[in-house]
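So you can see what is in the structure, the chains are spelled out below.
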Amino acid sequence: MKSDLDPLPRSSYQQKSEDSFLQAGDSSWLESKYEDFLSGETSSNDWNDFFATESHQEKIKKPPELYSSYLHELYIAKSKKWFQQNRPTATPASSTNSNLVAKATQWIDAYRRYGYQNATISPLASSHPYPSNTQLSPNHWGLQASMQIPSFGVVPKETATVAEIAKQLEKTYHGSIGIEIDHVRNQEEQRWMTEHFEKPVTLTVSEQLQIFNKLLYTELLERHIHNNFVGQKRFSLEGTDSLIPLLDYLIRQGNQKGIEDILIGMAHRGRLNVLINIMGKTPAQLFNEFAGKFESVGVNGDVKYHLGFSSAFKSESSVTHLALAFNPSHLEIITPVVLGSTRARQDRLSSSDQWKILPITVHGDAAFSGQGVVMESLNMSQTRGFGTKGTIHIIVNNQIGFTIDHPEDARSTPYSSDPARFIDAPIIHVNADDPNRVIQAGAMALAYRNTFHKDIVIDLVGYRRYGHNEADDPTVTQPIKYGEIKNKPTVVSIYRQFLLEQNLFDEAKLDSITQHCKSKIESGECTVDEIEYVALNNKRFTTWKPYTGASDTLLFEQFTNHIPVKELSALGTQLATFPEAFTPHPQIKKLFASRLAMAKGDQLVDWGFAENLSYATLLKKGYGMRLTGQDVKRGTFFHRHSIIIDYKTGAEYNCLEQFVQNNKKLSIYDSLLSEEAVLAFEYGYSTAEPETLLIWEAQFGDFANGAQVVFDQFISSGEAKWARLSGLVMFLPHGYEGQGPEHSSARLERYIQLCAQNNIQVAVPTTPAQIYHLLQRQMLRTLRKPLIVLTPKSLLRHPKATNTLDELANGHFQTIIDDTTAAKKKVTKLIFCSGKIYYQLIEKRKELEANHVAIIRIEQLYPFPKKEYVSIIKSYPSCNSAIWCQEEPKNQGAWYNIRHRLTAPFEPMNITMEYTGRPISASPAVGLGSLHQKEQETLVLEAFQGHEETDEE
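Residues numbered from 1 in each chain as written. Predicted model: local features only at pLDDT ≥ 70, side-chain atom pairs only at ≥ 80, totals over all residues. Heavy atoms only, no water.

*Asks:* Help me understand the overall build of the protein in this model?
*Replies:* Across its full length, the protein carries 34 helices and 25 strands. A fraction of 80% describes how many contacts in the protein between residues 6 or more apart in sequence connect residues 24 or more apart. In the structure as shown, the protein presents an accessible area of about 38100 Å², 49% of it carried by carbon and sulfur atoms. (Helix = DSSP H or I, 4+ residues; strand = E, 2+ residues; numbered from the N terminus. Contact = heavy atoms within 4.5 Å. Areas by Shrake-Rupley, 256 points an atom, 1.4 Å probe, with all protein chains shown as cover.)

*Asks:* Just checking my understanding: could you explain the sheet that holds strand 21 (residues 829–833) for this structure?
*Replies:* As a general point, the strands of a sheet are linked pairwise by backbone hydrogen bonds and lie either parallel or antiparallel. Across the sheet, five strands lie side by side as 20-22-21-24-25; this open sheet has mixed pairing. The open sheet is flanked by strand 20 (816–817) and strand 25 (914–918), the only strands paired with a single partner. Helix 33 (residues 895–903) contacts strand 22 (853–858), strand 24 (881–889) and strand 25 of the sheet and is inclined by roughly 165 degrees relative to strand 24. (Pairing = 2+ DSSP bridges. Axes fitted to C-alpha atoms, helices over the stretch in contact; angles between N-to-C directions.)

*Asks:* Would you explain helix 22 (residues 565–575) in this entry?
*Replies:* Along an α-helix, residues three or four positions apart point the same way, because every turn accommodates 3.6 residues. Listed as buried for helix 22 are L568, S569, L571, G572 and L575. The buried residues of helix 22 occupy an angular sector of 160 degrees when the element is viewed end-on, so they sit on one face. In this structure, the buried residues of helix 22 make contact with helix 23 (586–599), helix 24 (607–620), helix 29 (768–780) and helix 30 (805–810). (Buried < 20%, exposed > 50% of the residue type's maximum accessible area, 1.4 Å probe, protein only. Arc of directions from axis to C-beta.)

*Asks:* Is there a simple way to explain the sheet that holds strand 17 (residues 729–731) in this structure?
*Replies:* The mixed open sheet is built from seven strands, whose spatial order is 15-12-16-17-19-18-23. Each edge of the open sheet is held by one strand with a lone partner, namely strand 15 (666–670) and strand 23 (860–862). Strand-to-strand twist across the sheet, computed as the mean angle between neighbouring axes with direction ignored, equals 15 degrees. Relative to strand 16 (residues 692–697), strand 12 (residues 624–629) is paired through six bridges, and the arrangement is parallel. If you follow R626 over to strand 16, its bridge partner there is L694.

*Asks:* I keep staring at the packing of aromatic side chains and nothing clicks. Help me out?
*Replies:* Aromatic rings considered in pairs are described by the distance between their centres and by the relative angle of their planes. By the definition in use, this model includes 27 aromatic pairs. With a centroid separation of 5.1 Å and an interplanar angle of 25 degrees, the aromatic rings of F229 and F290 are classed as stacked. Here F229 is found in the loop between helix 9 (205–228) and helix 10 (243–256), whereas its partner F290 is found in helix 12 (residues 283–290), with 61 residues between them in sequence. Taking the relative accessible area as the measure of exposure, F229 reaches 15% and is therefore buried. Take F290: its relative accessible area is 4%, and that puts it in the buried class. An aromatic cluster of at least three residues, connected via ring pairs, comprises W107, Y111, Y173 and F197. A cation over an aromatic ring shows up here: R626 above the ring of F386, its NZ or CZ 5.3 Å from the ring centre. Over the ring of Y838 we find R857; its NZ or CZ atom is 3.8 Å from the centre of that ring. (Phe/Tyr/Trp six-rings, centres within 6.5 Å; stacked < 30°, edge-to-face > 60°. Lys NZ or Arg CZ within 6 Å of the ring centre and 35° of its normal.)

*Asks:* Please clarify how helix 34 (residues 929–945) should be interpreted in this entry.
*Replies:* Over its 17 residues, helix 34 runs 24 Å from end to end, which matches the ideal 24 Å to within 8%, given 1.5 Å per residue. Inspection of helix 34 places H932, Q936, L939, V940, E942, A943 and F944 among the buried residues, and these make up the whole buried set. Looking at the buried side of helix 34, the elements it contacts are strand 21, helix 31 (837–848), strand 22, strand 24 and strand 25. Positive phi shows up at G946, right after helix 34, with a value of about 85 degrees. (Expected span 1.5 Å × (residues − 1).)

*Asks:* Is there a simple way to think about the side chain of R918 in this case?
*Replies:* By the secondary structure assignment, R918 is in strand 25. For R918, a relative accessible area of 4% gives the class buried. Here the side chain of R918 touches E887 through a polar contact of 2.7 Å, landing on its backbone oxygen. Among the polar contacts made by the side chain of R918, one reaches the side chain of Q936 at a distance of 2.8 Å. Look past the residues within four positions of R918 in its chain and what remains in contact with it is Y736, Q886, E887, E888, P889, K890, H932, E935, Q936 and L939. (Polar contact = N/O pair within 3.5 Å; in protein donor to acceptor, adjacent residues only side chain to side chain.)

*Asks:* For this particular structure, what's the right way to read the side chain of Q892?
*Replies:* You can see Q892 is positioned in the loop between strand 24 and helix 33. When its relative accessible area of 2% is taken as the criterion, Q892 is described as buried. Of the polar contacts made by the side chain of Q892, one reaches the backbone oxygen of S923; its length is 3.5 Å.

*Asks:* Is there a simple way to explain the nonpolar core in this structure?
*Replies:* Generally speaking, soluble globular proteins have nonpolar side chains that are buried together. If you look at the biggest cluster of nonpolar residues, it comprises 100 residues, and the most contacted ones within it are W107, L243 and I392. Ranked by residues supplied to this core, first place goes to helix 17 (residues 435–452) with ten residues. Once residues lying within four places of it in the same chain are set aside, the contact partners of L243 are L237, M266, V274, V362, I394, V396 and L460. Judged by nonpolar contacts, the second largest core, of 74 residues, contains F386, A680, I872 and C879. (Core = buried A, V, L, I, M, F, W, Y, C linked by side-chain atoms within 4.5 Å.)

*Asks:* Please explain the pattern of salt bridges as it appears in this structure.
*Replies:* Side chains that differ in sign of charge can pair as their charged atoms come close. Scanning the model with the defined rule gives 36 salt bridges in all. The partner of R634 in a salt bridge is D631, with the nearest N and O atoms 3.0 Å apart. Of the residues examined, R634 reaches a relative accessible area of 36% and is grouped as partly exposed. According to the relative accessible area criterion, D631 is buried, its value standing at 15%. Notably, a salt bridge pairs E749 with R747, separated by 2.6 Å at the nearest N-O pair. With relative accessibility at 10%, the residue E749 sits in the buried group. A relative accessible area of 18% places R747 in the buried class. Among the ionic contacts, a cluster of salt bridges with common partners joins E180, D182 and R421. (Salt bridge = Lys/Arg side-chain N within 4 Å of Asp/Glu carboxyl O.)

*Asks:* How do you make sense of the confidence of the model for the protein when you look at a structure like this?
*Replies:* Any region with low pLDDT has predicted coordinates that should not be read closely. Chain-level pLDDT for the protein is 88 on average; 87% of the residues reach the 70-or-more range. Considering only residues more than four positions removed or in separate chains, one finds that residues 2–25, a stretch of pLDDT under 50, has 56 contacts. Here residues 87–95 is modelled with pLDDT under 50, and outside its nearest four sequence neighbours on either side it reaches eleven contacts, counting other chains as well. (pLDDT = per-residue confidence, 0-100.)

*Asks:* Looking at this structure, how should I read the pairing of strand 8 (residues 392–397)?
*Replies:* Looking along a regular strand, one sees side chains alternate from face to face of the sheet. With six of six residues buried, strand 8 is to be regarded as a mostly interior element. The two faces of strand 8 match: I392, I394 and V396 on one face and H393, I395 and N397 on the other face are all buried. The pairing of strand 8 with strand 10 (residues 456–461) spans six bridges and is parallel. Bridge pairing links I395 to D459 in strand 10.

*Asks:* Explanation requested: the environment of I695 in the structure shown.
*Replies:* Relative to the assigned elements, I695 resides in strand 16. Counting along the chain gives 70 residues from I695 to M625, while the straight-line C-alpha distance between them is 8.1 Å. Sequence-distant contacts of I695, that is, excluding residues within four places in its chain, are made with Y615, R626, L627, T628, L728, V729, F731 and L775.

In structure tokens form, the structure reads like this:
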């Protein structure tokens, strides 16, 4: 196809007359010339004269948003004068009326903005009509066919009749493709899209043959499965078959233009076809899976239409790595995961090369407009922490979603692509029954993305030949639509007829190609000749070979990481020292003075300083670091301050930057106000980057419930389903301080319930040394497991939650902390707990002088430290009573999910472990501070004195 990623050349007329008044065919062009004039960059004296009018000097001073109407008035006045002086002699007298030029401008401008509304983008006559626009008719503007008007570049001459211009506009805009750019505020991008769209696109014979081949393979694969594996789900692509030649084009063209890595995310519709005809998985592998000969990729495996794949597309000149992400049945949640994986790869490259990693996300029409994570993901596109240099979004639009036949039931906007309008992403609507125009859409999308590094959407409008899955009968809910679909020719048969009518091939040639493709499918051979399955080793990839996720030994290993106190002190001093020219906020100045004392050993180390010391130490060892969340630079509870702000200039200073080694990436970003998409993004990042400490922090742990699907379908089960490793760390602030139901509990019970097969780690550290060592362990072990940390709020500044530098330098993470103050032989009662309740328990023990009680903290709830737990119990020979004490209600927190582990060692001792804590509750916490305090005092006292157990559960 004759297209290029570079801007299209201007026509000879445009090159000669680019500064002509008649080039101001729309408001965006005119406004750009005006902005050039205001900045002194006007390239033509004509334009200087045009704007430099004394009577308009005051208007010129107005801000851009106020001068649009003024510009049109000025332009029309100037254009009328020009037209009267230069009009051809054949121009009818009526064309000289004062509104002619203005109406011509508005008519053509309307076409360029709203022409897509009259395009034939649906292959179904029974579809609900898309909104049309009467402004596209010249009659609407009082223009008659014979009138001679400026052409504004529509045809290659300065003036033409309305009929001539209308014919060209209809040819361009009333076909099977349309561009929606009326919402795009950037004028340069609008002009770029218009220019590329109006330039004719011609496909070569070989390119059309490639389209035919891909359509053949697409249909033949679907037909083979349909006939040989009757009734089995496959979520077929039939009706939007053109997705395959579209993806094939993007890969081939991307490969030619320097794209090194393409990551694809999609749900299950058409996924099997993409696996075979794009990624290069062999049909034989897929047919074995349908036949039940399934080789699980993980511990438990997953269904075939959720599986991912990776390969390499190799041309004569270059290689492009391809990856199709594994995906659960949650529609759009894969989108931010793919974006995160893309960003991880881009972060290994220089900023000028990052565009070479291309994400492509494939969406369903109902899901794109219906799923909130789509908006969250789109909102990331141009942010500093989550941008990916532009994503190509493809909506596989079967105009039905699941069973909804009426668009007004599926969304509140005309088009399913409308959510993309809010980020100014251009939208290309294209009829899936016209593969040549689909490829044109692909050419524009790739060129736009590579030029502007922004998102763009292709709305591939087709239909669904069968039901939601092949066992459904769609005629029950859509009888009219499926009556039409039943008799509709397939896309490949339509394209075959087109090739014959164009005399590009004869019947014998096309029959021969069809037989060849059919033979390949039936024999199970790879259908993509350029695919290779070799591992690629270069700077874009980090090897996972040293890392494991399935090692029980490593999970329970007492990992130590000793560092000289002197070295740690030096790191701390650097951390607590400002640059010479930096002016800190008074509170920060005081805080950093305190940290300097901690570094020198004159003051005990608090949580925030220990956390930063752990980061600095890991950076010095050559690891990368990425920390995101809604307030992570300072920390929601004003404890971290890894990045501080100059009080006078507002400039940022990253305290950790000085410790980065080996060009590793250090990223600390306050994220957009999203949990689901941001956490999914960070999970995706972690699957591509094992050598970076990745942390997502919830503003409050409670807020993580907005991202529960990410925990359920990726973090807790990704290794079991797909053998995908992740070392992602999640900080979830947790603790009952009287802040009410939504600011107390991170819902620990949910994460414990997800624990199985050593899939994740759940920890509740209670000291600065514990968080220091926990983060060290997470990276320095070769194990890569997700880590959920219930971090404190009030403990961040608790006077007893402190440590010495030596405890950081020479300690290790303790999965369970014994009571070092108790006289073991005299202890008769053991209280086990987790989290900040420990500090209230030791205060109450002191108050009650209950020296017969030992208080033991379980710092890692999963994997449960059974060996250490049993050993500690045995070290108390006089024990005759055991208590589990927690702040959370009885039906929440850890009790119900770990009590079988807690009680087991006591059963041979004939000791029944009792529960003390809040009673069962539908809400995580009470809303009244005084009631909270009363509850807290009661449960702490009951841990020592006991209470009457109720049967209410």
